[in-house]
Amino acid sequence: MKQEIQITDDKYLFEILNKSEFEREDVVYLLKLTNEKHISELFKKADLIRKEFCGDEVHLRGIIEFSNFCEQDCVYCGLRKSNNLLERYRMSVDEIIETAKKIYSAGIKTVVLQSGEDSHYTKEDITHIIKSIKEFCDVAITLSLGERSFDEYDEWKSAGADRYLLKHETANEKIYSALHSKQELEERLIHLKYLKSIGFQAGSGNIIGLPGQTIEDIADDILLCKELDCDMCSFSPFIPSPETPLKNISPADLKLTLNTMAVGRIVLKNVHIPSTTALSTLTPEGRKLGLTVGANVIMPNFTPDKYKDKYRIYANKKTYDPIKFVEEIKQMIHSMGRKVSEDKGHSLKQ
Ligand code: SAM
């Protein structure tokens, strides 16, 4: 009898894994898998889909966290405006451009410019940074500056920026409103749709393990990325920051994080999925594990040493020498039978 139940369970799992379109209940079922054998089938399928739609190449994106000033007050984030314990910094325009050149010299073909929401950098400042980087370096540029005006998005796209990362964080409107005193989910989605409509490769994604979040909410996160037709999707674990109201909330569950990445790959197929720094903060083997469950992107951090400790989104964020890190990551990628991409790694949908 027990064996019959097992066979029925296995059959149902394979039926779902072999679907090409997924209902919400399928996504919830896959996210809820706990049986080790079933999880191993889930990861195997995610890796196969990754290979079929993205190939064996892993794309490196060099990130510069150029300002930790933030006008928003996201309850989970150490950069939040009301965190008075954080020493704030801003990199100058020239420092940002020089750091981008270092990324390019390290052989990396994407520069990611990230900051808190910091209107100190005007539309013209960011335009100048984009144009200067493009003049000196043959790289793609990803912006991750939070919500800015549509006029600014237009101008930065015309200046040569290629991609924009703006995670929706959670598809549950109530949780979104509870965590963002000044922002609404609906507004975030309007921005994401606008970015996509003017030709940006758009990135969204969630935080896994937020208070009150259910497995159904995480299924909705994945399905929302599909609806938005995202080019990049980041599924990353919540890590508490001691300087925020969520300091006593436990970090995300590792198994659920890996399940989410795998299900994200299976449902979304031709999107870029990073193996995140947050995942490597959750567990030392995180980056490698992420690459085995569907991820195809790693983002080495090139923020200059004097600033990087201060970009404290959450606790225990790992810091390292970026040049050594890139060498180690390349070795790791090769040891997994994968390749380091030599191109810009544009959207797989173009
Ligand atoms: N200001 C930009 C924005 O809002 O998109 C980019 C900077 S923001 C610090 C980058 C990302 O950090 C957010 O999208 C969020 O998902 C992540 N983040 C913030 N606090 C976190 C935490 N405690 N655990 C995990 N991720 C966190």
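From a predicted model like this one, the values you see are computed outputs, not experimental measurements.

About the cut-offs
- Residues numbered from 1 in each chain as written.
- Predicted model: local features only at pLDDT ≥ 70, side-chain atom pairs only at ≥ 80, totals over all residues.
- Heavy atoms only, no water.
- Core = buried A, V, L, I, M, F, W, Y, C linked by side-chain atoms within 4.5 Å.
- Buried < 20%, exposed > 50% of the residue type's maximum accessible area, 1.4 Å probe, protein only.
- Helix = DSSP H or I, 4+ residues; strand = E, 2+ residues; numbered from the N terminus.
- Contact = heavy atoms within 4.5 Å.
- Axes fitted to C-alpha atoms, helices over the stretch in contact; angles between N-to-C directions.
- Parallel < 35°, antiparallel > 145°, perpendicular 65-115°, else oblique.
- Left-handed = near helix turned anticlockwise from the far one by under 90°.
- Nonpolar A, V, L, I, M, F, W, Y, C, P; charged D, E, K, R; others polar.
- Pairing = 2+ DSSP bridges.
- Salt bridge = Lys/Arg side-chain N within 4 Å of Asp/Glu carboxyl O.

Draft legend 1. Here's a closer look at the nonpolar core. Judged by nonpolar contacts, the single largest core of 101 residues is most densely connected at Leu 113 and Leu 143. Ranked by the residues each element gives to this core, the list is headed by helix H10 (residues 254–268), at 8 residues. If sequence neighbours within four positions are ignored, Leu 113 has contacts with Ile 64, Phe 66, Ile 96, Ile 129, Ile 133, Ile 141, Thr 142, Leu 143, Ser 144 and Leu 145.

Draft legend 2. Representation of the packing of helix H6 (residues 150–159) against helix H8 (residues 185–197) within the structure. Look at H6 against H8: their axes get within 11 Å of each other, and the N-to-C directions meet at 30°. Between H6 and H8, the interaxial angle falls into the category roughly parallel. Pair H6 / H8 crosses with right-handed handedness. Contact residues: H6 offers Phe 150, Tyr 153 and Asp 154, while H8 offers Ile 190, His 191, Tyr 194 and Leu 195. Class assignment of the residues belonging to the contact of H6 with H8 gives a composition of 5 nonpolar, 1 polar and 1 charged.

Draft legend 3. Seen up close, the sheet that holds strand E7 (residues 232–237). Pairing in this open sheet of 6 strands is parallel, and the strands run E2-E3-E4-E5-E6-E7 from one edge to the other. With partners counted over all chains shown, the strands left at the sheet margins are strand E2 (62–67) and E7, one partner each. When strand polarity is set aside, the average angle formed by the axes of neighbouring strands in this sheet is 20°. Across 5 bridges, the pairing between E2 and strand E3 (residues 110–115) is parallel. Bridge pairing links Glu 65 to Gln 114 in E3. Relative to the sheet, helix H5 (residues 123–136) contacts E2, E3 and strand E4 (140–144), its axis offset from that of E4 by approximately 155°.

Draft legend 4. Looking closely at the pattern of salt bridges. The tally for this structure, following the rule as stated, stands at 28 salt bridges. Two residues, Glu 36 and Lys 255, come together in a salt bridge whose shortest N-O distance is 3.0 Å. On the criterion of sequence distance, the pair formed by Glu 36 in helix H3 (residues 36–54) and Lys 255 in helix H10 is long-range, its members being 219 residues apart. The class of Lys 255 is partly exposed, set by a relative accessible area of 47%. Note that Lys 308 is salt-bridged to Asp 305, the shortest N-O span being 3.2 Å. Here the residue Lys 308 and the residue Asp 305 both occupy positions in helix H13 (residues 305–308), the gap between them amounting to 3 residues, near one helical turn. When its relative accessible area of 6% is taken as the criterion, Lys 308 is described as buried. Through salt bridges with shared partners, a single network forms among Asp 47, Arg 50, Lys 51 and Asp 56.

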